[in-house]
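Structural overview
Take a look at the letters that make up each chain.
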Amino acid sequence: MTTDFPEVRFQGTLRPSQAEAIAVIQQQLNAGKKRLHIVAPPGSGKTVLGLFLWAEHVRQPALVLSPNSAIQSQWTARTDLFQSSACSRQLVTSDSNQDALLTSLTYQSVTLPRRGDSDVEDAALEYWIDLLIAREQAQDPLEAFTWIADLKQHNPEYYEKRIRTYRKTVRDQLVLNGNALDMLHASSQQTLTQLKSRGVGLIIFDECHHLMGHWGRVLADAHDFLEQPVIIGLTATPPDEKGKLQEDIDRYHDFFGPIDYEVPIPAVVKDGYLAPYQDLAYFVRPTTDELTYIANTDDQLQQIMETLCSEKEVLPHSSEAEPQDTSTSETERAEPLPIWLHSLLQNLDLPSGKVDDWATFERRDPTLADAARLFLQQRSIELPSHVPPLEIADIDEEIPCLNYWGPVLDRYIRHRLRRSPSPEDQDLASRVVEQLRLLGLQITETGSQPCASPVGRVIAYSQSKIQALVPVLRAEIQNLGKTIRAVVIADYEKTSATSAEVEHLLDEEAGGAIAAFKELVRDPETDTLNPVLLTGSSVLVDDDIGELLQKTAEQWLEERQIDVTLSLQPYDGFHVLNGSGSQWSPRVYVEMITDLFQQGLTCCLVGTRGLLGEGWDANKINVLIDLTTVTTSMTVNQLRGRSFRLDPDVPDKVANNWDIVCIAPEFTKGLDDYERFIKKHKRLFGVTDDGLIEKGVGHVHAAFTEIKPEGLEGSVQLLNSDMLTRASERSDSRALWRIGEPYQGLPLRTIELNTGGRAGGGGGFPPFSGMRQPWSSHSLTKAVSQAVLAALQETGQISSVSQLQVGARSGNYIRVFLDQAPEVDCDRFLEAVYQVFGPLQGARYVIPRVVHEIEDTWISSLLPDLLGRYFRKRKEQLAMVHAVPSDLARNKELVTVFEKYWNQYVSPGEAFFAYRGQGAELLEHAQRNGLSPHTKVHRKEIFV
């Protein structure tokens, strides 16, 4: 710290989460740590947190770097909460040439690569030449150079596009090799030199998840150049590592270190600093034309399977293929897929060689082991005697699924058809691979992997999803009236088809923001919202407010001394707002239209995630409709964070966040959009119907925990009706959040059990004297959980302070978790409860559970029910056989403790060793007579 740093004092009050974070970070700073990493949601006060740490604790000249100018300006604006002996110009600046205690810049300004560098240009050209030779598109450097020169002369646009890509590749490689600062533009180098001369002692990296790439490579070297000042990394969510270079991943983790403090969204909502919200979903079916295409594509999959399972058929040739010799080949053809697959299991053959037993086969290639058995069993083909069958009762055999077929097709094509001496088999392999690619499965030389599917694209950008905006917004208009402020976010302005197969279904506007905007202005009710479209290149305005918006916008520009001339160009139902002048840019018109949205001139904004995502704020938003296909937690959290801001004019604000989901479960790729929906919510917290905060899709609706994807179609009407009803019940949703009430503050793991009624759940009476109420799913789950908890505590495997929580949810699910317990205790306890309710396979010890069944006697049957019940008799009956949890089955002493508590809470009975004698007989009896549990179990994370 510098002793001559002027006094800078915070004039506000820190939020609880901010104060907690600062206490943790202060300890780290006092211990000499210089790399700090904080995760906090949008709207939770990261900017104030960063400024407070700078002003009160680090107290050195600082640099703040942000991903865009909107966030950059937020840092300078927030310094108005601080009082300083320095004047405002000395305190903060967003100009790299101006000296100040805190400089707020964008990442781009200090990482701009140099242009027109002859060394880079030569290296890019050399890289392109090597690439052409490696791909056998040129025989030598001279031929490659001649081809490139000809391309540059006759198709300069394509040439520039490719050379630009190779320039970036070369620059990235140079940066990765440690030449980052040398590759910077002169302006970026000058900026870094100026910052070094000011003695920067702190760098705050806002939205630091952006640094897993070029920016991170440069700034790691820049940090050394600036003599390693203190680092504070702030982000709403850790970065997505998928598809990133390992060098970049390692650099990011080394640069920021582990997360020092994380602020969960529920904590900020419960503290009252973010608006409560509810996540809702509206389901649609593809249009008739879209369904026809999807069905035809599905028929192609069926044809593939019929071909591969038949004797010597081949797939029909495409019209562009050359004629084939139809004469009979003398070379022996490959056997059909089922025969080859059965032989594979019979002989236990793997690509690496034959193995000795099934256990080894299953361990070496578990995916093939399951897929091969399922494939044969679905076709009623008896498995070899040494191969145990799979239980497939819960799988709908009528639904073809590449999840089951993919591994089988992959192995058959790579290890049989391609290696066959028959040209017909090799040709068949090529044609099957081509058609599978259309279905989203790519088979390469080394394996298979998902790929972009035309069917998936049709569903993702279905016209039905755009049409669904109308009923959702009609309901919200009825709920909110003139106070509605809705935002619709799409992936792109236009979403054109990427392959010829779907051009007739997806025009250039399909699924994009423009299509959404046009749908809203066409409908009389949603048109009353006066929608406005914002993209990186367009501003479209509902014709009802065109002239008023232009007049108001001109006044807005004049007040800010922005020299822009506006004009309106009419179209059918809307106007295009054009601006002329050097200052007209997305940054200006997004800020302008956002202010008009806040005022209510327009009540609905339609835009793209690139423009209305990270860094964009409008605290009036109370309806957000997500049409995007993004599933990474980073992007999803950024999008959803737009609606969480508190509205000072509406203290009881509750935001409704909608997903529009298109499904066609009867087809192979018909659940792609639903799977995206599941992934979106995988890392999102939301409030549930029992008042807990849960991570995962179950918080959207309890039914999503229970309904199999294939069963969605039959539930769509009921689900949509329920969602529209919930949309109007904002006050009920707000009450569920229990804002202001004490909370634990840490996410907890839980399991949800659905014992399915009599089959292992409720039914019968507890086998203890005086019990007048029969077992229910809730009471049985609680009793079993009490027995498990008590046994684990007595044997010292978990702490004695843990508190059991058991609660009922809709859908017959019972939630179980431990409160006030360490994470390791929670995991051990939940795994033990799961094992008691889970399958018996592999159990070391088993224990019976008996119930009392009530039977009428000849006397009770003659008497009224009120008197007759005293003459009924109880009969003890075996209800189920359960596994003793593995942590309590390691030796007889542990088993005895579990048996004691089982007898106390659940049922009298003795635990038996399951591998021989009475235990083996009991296990066989249970499996033969349906007395083995088949409980549905879901593992979840909650916030209480």
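Details of the structure are given in the entry above.
What comes next is a walk through the structure. All values reported here derive from a predicted model rather than from experimental measurement. Note on numbering: residues in each chain are counted from 1, in written sequence order. Thresholds applied to this predicted model are a pLDDT of at least 70 for local features of residues and 80 or more for the giving and counting of side-chain atom pairs; totals over whole chains, interfaces and linings are not thresholded and use all residues. Side-chain figures throughout are based on the complete set of non-hydrogen atoms in the structure, without hydrogens or water.

1. Examining the overall build of the chain
- By the criteria applied, helices consist of DSSP H or I runs no shorter than four residues and strands consist of E runs no shorter than two, each listed in order from the N terminus. The number of helices and strands found in the chain is 35 helices and 31 strands.
- The proportion of buried residues among the 944 residues of the chain is 53%.
- Sequence separation of 24 or more characterises 73% of the internal contacts of the chain that already satisfy a separation of 6 or more.
- The Shrake-Rupley method, run with a 1.4 Å probe, gives the accessible areas here. Residue values count only the displayed protein chains as cover. Total accessible area on the chain is roughly 42,900 Å²; 48% of this is exposed by carbon and sulfur atoms. With a 1.4 Å probe rolled over the protein chains alone, any residue whose accessible area is under 20% of its type maximum counts as buried; one over 50% counts as exposed, and the rest are partly exposed. The criterion used for residue contact is that any of the two residues' heavy atoms lie within 4.5 Å.

2. Quick look at a negative patch on the surface
- A surface patch of negative charge is lined by Glu241, Glu247, Asp250 and Asp254.
- Among the secondary structure elements, Glu247 is positioned in helix α11 (residues 246-256).
- Among the residues examined, Glu247 registers a relative accessible area of 43% and is labelled partly exposed. Here a patch means residues that are over 30% exposed by relative accessible area and free of salt bridges, tied together within 9 Å if like-charged and within 5 Å if nonpolar (Val, Leu, Ile, Met, Phe, Trp, Tyr). A pair is scored as a salt bridge if a Lys or Arg side-chain nitrogen falls within 4 Å of a carboxyl oxygen belonging to Asp or Glu. The convention is simple: Lys and Arg are positive, Asp and Glu are negative, and His and the chain ends are not counted. Charge positions come from single atoms, namely NZ of Lys, CZ of Arg, CG of Asp or CD of Glu.

3. Observations regarding the sheet that holds strand β2 (residues 35-39)
- Here we have seven strands laid out as an open sheet, ordered β5-β6-β3-β7-β8-β2-β9, and parallel in their pairing. Across the chains shown, the open sheet's two edge strands, defined by having one partner strand only, are β5 (92-93) and β9 (261-262).
- As defined by bridge partners, β2 adjoins β9 across two bridges and the pair is classed as parallel. Bridge pairing links Ile38 to Tyr261 in β9.
- Running over the sheet, helix α3 (residues 69-78) touches β3 (62-66), β5, β6 (102-106), β7 (202-206) and β8 (230-235) and is turned about 170 degrees from β6.
- In this fold α11 packs onto β2, β7 and β8, with an angle of close to 105 degrees to the strand it touches most, β2. Paired strands are those between which DSSP finds at least two bridges. Whenever a helix is involved, its axis is fitted only over the stretch in contact; in every case the axis is a line through C-alpha atoms, and angles between N-to-C directions fall within 0 to 180 degrees.

4. Structural notes on the sheet that holds strand β20 (residues 604-608)
- Strand order across the open sheet formed by nine strands is β10-β22-β21-β15-β20-β16-β17-β19-β18, with mixed pairing between neighbours. On the outer flanks of this sheet lie β10 (277-284) and β18 (565-570), each paired with one strand and no other. Each adjacent strand pair in this sheet contributes to an overall mean axis angle of 20 degrees, direction not counted.
- Where strand β15 (residues 486-490) meets β20, five bridges bridge the pair, whose relative direction is parallel.

5. With respect to the state of the cysteines
- A pair of cysteine sulfur atoms is labelled a disulfide when the two atoms are within 2.5 Å. Counted according to the given criterion, the structure contains zero disulfides.
- For Cys604, which is in no disulfide, the shortest distance to another cysteine sulfur is to Cys603 and amounts to 8.6 Å.
- Its relative accessible area of 0% is what places Cys604 among the buried residues.

6. Quick notes on the environment of Thr632
- The topology assignment puts Thr632 in the loop between β21 (623-626) and α26 (633-640).
- The partly exposed category is assigned to Thr632, whose relative accessible area is 24%.
- When the C-alpha atoms of Thr632 and Arg676 are compared, they prove to be 9.8 Å apart, with 44 residues separating the residues in sequence.

7. Quick look at helix α25 (residues 586-599)
- With 14 residues, α25 extends 20 Å from end C-alpha to end C-alpha; this agrees with the ideal 20 Å at 1.5 Å per step.
- For α25, the full list of buried residues reads Val588, Tyr589, Val590, Met592, Ile593, Thr594, Leu596 and Phe597.
- Those residues of α25 hidden inside the fold are in contact with β15, β16 (532-534), β17 (539-542), α24 (546-559), β19 (574-580) and β20.
- Just downstream of α25 lies Gly600, where phi reads positive at about 100 degrees. Expected helix span is computed as 1.5 Å times (number of residues minus one).

8. What to know about the packing of aromatic side chains
- For Phe, Tyr and Trp, rings pair up if their centres lie within 6.5 Å, where Trp contributes its six-membered ring, and each pair is then called stacked (planes under 30 degrees apart), edge-to-face (over 60) or tilted (otherwise). What the rule picks out here adds up to 27 aromatic pairs.
- Ring centres 5.9 Å apart and planes at 90 degrees place the aromatic pair Phe5 and Trp54 in the edge-to-face group. Pair noted here: Phe5 is in the segment before β1 (8-10) and Trp54 is in helix α2 (residues 46-58), with a separation of 49 residues, a long-range link.
- When its relative accessible area of 5% is taken as the criterion, Phe5 is described as buried.
- With a centroid separation of 6.3 Å and an interplanar angle of 45 degrees, the aromatic rings of Phe283 and Tyr674 are classed as tilted. With Phe283 in strand β10 and Tyr674 in helix α27 (residues 672-681), the pair connects residues that are 391 residues apart, well separated along the chain. Like Tyr674, Phe283 is buried.
- Aromatic rings pair up to connect Tyr107, Phe205, Trp215, Tyr252, Phe255 and Phe256 into one cluster.
- Our definition puts a charge over a ring when NZ of Lys or CZ of Arg is within 6 Å of the ring centre and also within 35 degrees of the ring normal. A cation over a ring is seen here: Arg379 above Phe375, with NZ or CZ 3.8 Å from the ring centre.

9. Observations regarding the packing of helix α10 (residues 214-225) against α11
- Look at α10 against α11: their axes get within 10 Å of each other, and the N-to-C directions meet at 40 degrees. One finds that α10 runs oblique with respect to α11. By crossing handedness, the relation of α10 to α11 is classed as left-handed. Along its contact with α10, which presents Gly216, Arg217, Leu219, Ala220 and His223, the element α11 presents Asp248, Arg251 and Phe255.
- Looking at the contact of α10 with α11, its residues break down into three nonpolar, two polar and three charged. Any angle that is under 35 degrees is reported as roughly parallel, and any over 145 degrees as roughly antiparallel; angles of 65 to 115 degrees are reported as roughly perpendicular and all others as oblique. Here a crossing is taken to be left-handed if its near helix is turned anticlockwise relative to the far helix by less than a right angle, and right-handed if that turn runs clockwise. Any residue that is not Ala, Val, Leu, Ile, Met, Phe, Trp, Tyr, Cys, Pro, Asp, Glu, Lys or Arg is counted as polar, Gly included; the first ten are nonpolar and the last four charged.

10. Notes on the packing of helix α1 (residues 16-30) against α2
- Orientation of α1 relative to α2, taken along the N-to-C sense of each, is 40 degrees, at an axis distance of 11 Å. One element, α1, and the other, α2, form an angle in the oblique class. In the crossing of α1 with α2, the sense of the turn from one axis to the other is right-handed. Between α1, through Gln18, Ala21, Ile22, Ile25, Gln26 and Leu29, and α2, the contact on the second element is made entirely by Val48, Leu49, Phe52, Leu53, His57 and Val58.
- In the contact of α1 with α2, the residues fall into nine nonpolar, three polar and no charged.

11. Concerning the side chain of Ser420
- Within the element layout of this structure, Ser420 appears in the loop between α17 (402-417) and α18 (423-438).
- A distance of 3.1 Å separates the side chain of Ser420 from the backbone nitrogen of Ser422, its partner in a polar contact.
- With near-sequence residues (within four places) excluded, Ser420 lies in contact with Glu332, Ala334, Asp425 and Gln426. Polar contact criterion, stated in full: a pair of N or O atoms within 3.5 Å, where within protein one must be able to donate a hydrogen and the other to accept it, and residues adjacent in sequence count only if both atoms are side-chain atoms.

12. Overview of the environment of Leu646
- Structurally, the position occupied by Leu646 is in the loop between α26 and β22 (655-662).
- By relative accessible area, Leu646 is classed as partly exposed at 36%.
- Along the primary structure Leu646 and Ala275 are separated by 371 residues, whereas in three dimensions their C-alpha atoms are 5.2 Å apart.
- If we skip the residues at most four places from it in the chain, Leu646 touches Gly272, Tyr273, Leu274, Ala275 and Asn619.

13. Let's talk about the pairing of strand β27 (residues 813-819)
- For β27, the tally of buried residues reaches seven of seven residues, placing the bulk of the element in the interior.
- The two faces of β27 match: Tyr813, Arg815, Phe817 and Asp819 on one face and Ile814, Val816 and Leu818 on the other face are all buried.
- In this sheet, β27 lies alongside strand β25 (residues 747-754) in antiparallel orientation, the contact comprising three bridges. Counterpart to Glu752 in the pairing with β27 is Arg815.
- Taken together, the seven bridges between strand β26 (residues 803-809) and β27 define a ladder with antiparallel strand orientation. Paired with Leu804 across the strands is Leu818, a residue of β27.

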